[in-house]
Amino acid sequence: MDFDLTEEQKMILELVDEVSEKEIEPLADEVAEKGEFPRGNIERLASLDLFGITIPKKYAGLEMDYLTWALVAERISRACATTGLIFGANLLCTFPLLNFGSEEQKSTFLPPLAKGTSLGAFALTEPEAGSDAGNVQTSAKKDADGYILNGNKIFITNGEVADIYIIIANLDRKRGARGLAAFILKKGTTGFSFGQHFRKMGLEALPNVELILKDCPVPENNLIGGEKKGFKIAMETFAAGRIGVGIGALGIAEAAFKKARDYSKERVQFGRTISSFQAVQHILADMATKIEASRQFLYKAAWLLDKGMPFEKYASMGKLYASETAMWVTTKAVQILGGYGYMKDYPVERYMREAKLFEIIEGTSEIQRGIIANLILKET
Ligand SMILES: Cc1cc2nc3c(=O)[nH]c(=O)nc-3n(C[C@H](O)[C@H](O)[C@H](O)COP(=O)(O)OP(=O)(O)OC[C@H]3O[C@@H](n4cnc5c(N)ncnc54)[C@H](O)[C@@H]3O)c2cc1C
């Protein structure tokens with residue numbers, strides 16, 4: 001493995017560090033408090049062409065690798081987890097287009113996604129299909145001009161603010177997961193509307209919305225990768241997406257660790273800084289160790305993906321480990337800040353609420369353990 005950075009990567013990361021620290025992080029409390037979509041942050045990232053990191057130059061991207069994407073997303077998530085998740089949800093839209101889309105689909109939809117003038121979303125989850133991702137009830141029926149979609153999707157990130165949606169629907173319910181197909185749906189299509197806006201325990205500014213599809217026509221050209229390829233497309237997209245979710249969790253853990261470490265060096269009790277107590281030192285040491293281990297899992301997964309090698313096991317391990325680390329680190333950060341940890345005066349209580357999501361999305365911790373067990377039991 002080689003995580004040495006090129007001059008181009010270093011330049012981008014320096015820029016992202018500056019924007020994240022000076023422009024995005026100072027607004028993170030306000031973004032969460034107001035619960036409004038952070039459009040300014042998204043426009044700023046778009047102005048740096050960051051939505052196009054993994055997209056080839058011929059589709060208006062930067063043609064860089066997933067490791068670079070991960071390093072950038074880590075910095076954004078450290079500054080503002082909401083912005084990091086919006087950035088990550090866009091990847092869930094570009095990944096299936098890049099890897100399974102036709103030339104026409106790529107040249108039509110990737111340039112605006114790469115430039116950030118359009119945002120993307122990926123919609124699989126339904127009331128009856130969460131962990132059981134193959135149980136999608138949204139139907140796709142063939143007609144003379146293409147397909148007609150009917151159904152409801154819930155919790156969809158970037159719902160309503162996105163312009164381009166990947167919709168997983170079932171062409172043949174009798175075939176279960178094998179009947180699934182992936183479609184590109186544009187905002188504004190007849191019969192496509194938005195229902196419930198979900199209220200959450202954290203990340204209030206992240207749009208999570210119900211999608212309603214009522215006799216929604218999709219042209220034949222917007223079917224991705226052929227009929228009944230939907231489950232494969234969804235599983236591969238989620239596998240890559242888990243690197244992004246893990247990186248988001250890592251960013252929150254890093255932010256919480258830094259606040260706890262800095263506070264422990266200033267807070268005086270019993271005439272000494274609390275960082276001089278071994279009990280506090282050991283928590284800080286465990287935090288730093290778990291964060292570094294999460295980082296190694298996730299960088300390795302991104303590196304393997306870039307090399308075209310099997311990365312799924314490390315993506316699941318990284319997502320599982322980083323999300324549980326984020327939950328543990330943020331809980332301990334609240335503890336280190338004592339009473340102030342529980343107050344809104346410091347962001348650590350917000351980090352703790354935000355961290356919980358990462359143990360749930362794109363496969364819960366239980367589902368990740370199942371995936372890892374399945375993969376390691378196949379190994380000899
Ligand atoms: C804020 C947010 C954003 C989201 N964004 C998107 C999005 O953009 N696109 C999208 O498609 N989806 C999205 N989701 C959906 C998310 O991926 C699902 O919520 C998640 O996969 C869990 O599914 P579920 O909520 O139906 O829980 P369930 O599947 O009902 O699980 C409930 C509990 O049962 C456990 N469980 C279920 N099956 C098993 C099993 N086989 N073995 C052991 N335990 C099991 C789970 O681990 C969990 O603890 C989002 C969710 C949230 C909360």
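Draft legend 1. Layout of the overall build of the protein. If you tally the helices and strands in the protein, you get twelve helices and ten strands. Taking 380 residues into account, the globule formula puts the C-alpha radius of gyration at 21 Å, and the protein, at 21 Å, falls close to it. In terms of overall dimensions, the protein has a C-alpha envelope of 80 × 50 × 40 Å along the principal axes. For the protein, buried positions account for 54% of its 380 residues. The contacts of the protein with a sequence gap of at least 6 include a subset with a gap of at least 24, amounting to 73%. For the protein, the accessible area works out to roughly 16900 Å², and carbon and sulfur atoms hold 53% of it. Separation between the mean location of the 46 positive side-chain charges and that of the 50 negative ones in the protein comes to 4 Å.

Draft legend 2. View of the packing of aromatic side chains. One pass over the full model with this rule turns up 14 aromatic pairs. Geometrically, the ring pair formed by F3 and Y299 is edge-to-face, given 5.6 Å between the ring centres and 85 degrees between the ring planes. Here the residue F3 occupies a position in the segment before α1 (7–24), and Y299 occupies one in helix α8 (residues 278–307), the gap between them amounting to 296 residues. Classification of F3 by relative accessible area gives partly exposed; the value is 25%. Measuring from centroid to centroid gives 5.2 Å for F192 and F194, while their planes differ by 55 degrees, and the two rings are tilted. What makes F192 buried here is its relative accessible area of 9%. Counting every residue linked through ring pairs, the aromatic cluster contains F51, W69 and F87. Over the face of the ring belonging to W328 we find K290, whose NZ or CZ atom lies 4.9 Å from the ring centre.

Draft legend 3. Structural view of the domain arrangement of the protein. With domains assigned, the protein is organised as domain 1 (7–118), domain 2 (121–228) and domain 3 (231–378). One C-alpha centre belongs to domain 1, the other to domain 2, and the line joining them spans 23 Å. Taken together, the contact pairs 25 residues of domain 1 with 20 residues of domain 2. Both faces considered, domain 1 and domain 2 share a buried interface measuring about 1700 Å² in area, 70% of it formed by carbon and sulfur atoms. Summed over the three residues of domain 1 that lose the most area to domain 2, namely C93, Q105 and F109, the buried surface amounts to 27% of that side. Scanning the region where domain 1 abuts domain 2 turns up zero salt bridges. Where domain 1 touches domain 2, the interface holds four residue pairs in polar contact (both at pLDDT 80 or more). When contributions to the side of domain 1 that touches domain 2 are tallied by element, the ones reaching two or more residues are α2 (28–34), α5 (81–100) and α6 (103–115). Residue composition of the side of domain 1 that touches domain 2, grouped by class: 15 nonpolar, seven polar and three charged.

Draft legend 4. Region of interest: the packing of α5 against helix α7 (residues 230–266). Their axes nearest at 9 Å, the elements α5 and α7 cross at an angle of 155 degrees. By the angle between their axes, α5 is roughly antiparallel relative to α7. Judged by the twist between their axes, the crossing of α5 over α7 is right-handed. Of α7, the residues touching α5 (which contributes A81, L92, F95, P96 and F100) are K232, I233, E236, T237, A240, G241 and I252. Residue composition of the contact of α5 with α7, grouped by class: eight nonpolar, two polar and two charged.

Draft legend 5. Summary view of the site of the ligand. In the vicinity of the ligand there are 19 residues, among which T125, S131, T157, T364 and E366 approach most closely. In this structure, a nitrogen atom belonging to the ligand sits 2.8 Å away from a main-chain N or O atom of F122. Contacts to the ligand include L124, whose backbone N or O atom sits 2.8 Å from an oxygen atom. Burial of the ligand by the protein chains amounts to 62% of its free accessible area of 980 Å².

Draft legend 6. View of the nonpolar core. Counting residues in hydrophobic clusters, the biggest one holds 121 residues, and the most contacted among them are L50, V72, F87, L97, L149, F183 and M287. With 17 residues, α7 is the single largest residue contributor to this core.

Draft legend 7. Examining unusual backbone geometry more closely. Residue L203 is not a glycine yet carries a positive backbone phi of 50 degrees. L203 sits in the buried class, given a relative accessible area of 2%. One non-glycine residue, F270, adopts positive backbone phi at about 55 degrees. For F270, the location among the structural elements is in the loop between β9 (268–269) and β10 (272–273).

What counts as what
Residues numbered from 1 in each chain as written. Predicted model: local features only at pLDDT ≥ 70, side-chain atom pairs only at ≥ 80, totals over all residues. Heavy atoms only, no water. Helix = DSSP H or I, 4+ residues; strand = E, 2+ residues; numbered from the N terminus. Rg over C-alpha atoms; globule rule 2.2 N^0.38 Å. Buried < 20%, exposed > 50% of the residue type's maximum accessible area, 1.4 Å probe, protein only. Contact = heavy atoms within 4.5 Å. Areas by Shrake-Rupley, 256 points an atom, 1.4 Å probe, with all protein chains shown as cover. Lys, Arg positive; Asp, Glu negative; His and termini not counted. Charge placed at Lys NZ, Arg CZ, Asp CG, Glu CD. Phe/Tyr/Trp six-rings, centres within 6.5 Å; stacked < 30°, edge-to-face > 60°. Lys NZ or Arg CZ within 6 Å of the ring centre and 35° of its normal. Domains from an automatic or database assignment. Buried area = accessible area lost by both parts, 1.4 Å probe. Salt bridge = Lys/Arg side-chain N within 4 Å of Asp/Glu carboxyl O. Polar contact = N/O pair within 3.5 Å; in protein donor to acceptor, adjacent residues only side chain to side chain. Nonpolar A, V, L, I, M, F, W, Y, C, P; charged D, E, K, R; others polar. Axes fitted to C-alpha atoms, helices over the stretch in contact; angles between N-to-C directions. Parallel < 35°, antiparallel > 145°, perpendicular 65-115°, else oblique. Left-handed = near helix turned anticlockwise from the far one by under 90°. Near = heavy atom within 4 Å. Core = buried A, V, L, I, M, F, W, Y, C linked by side-chain atoms within 4.5 Å.

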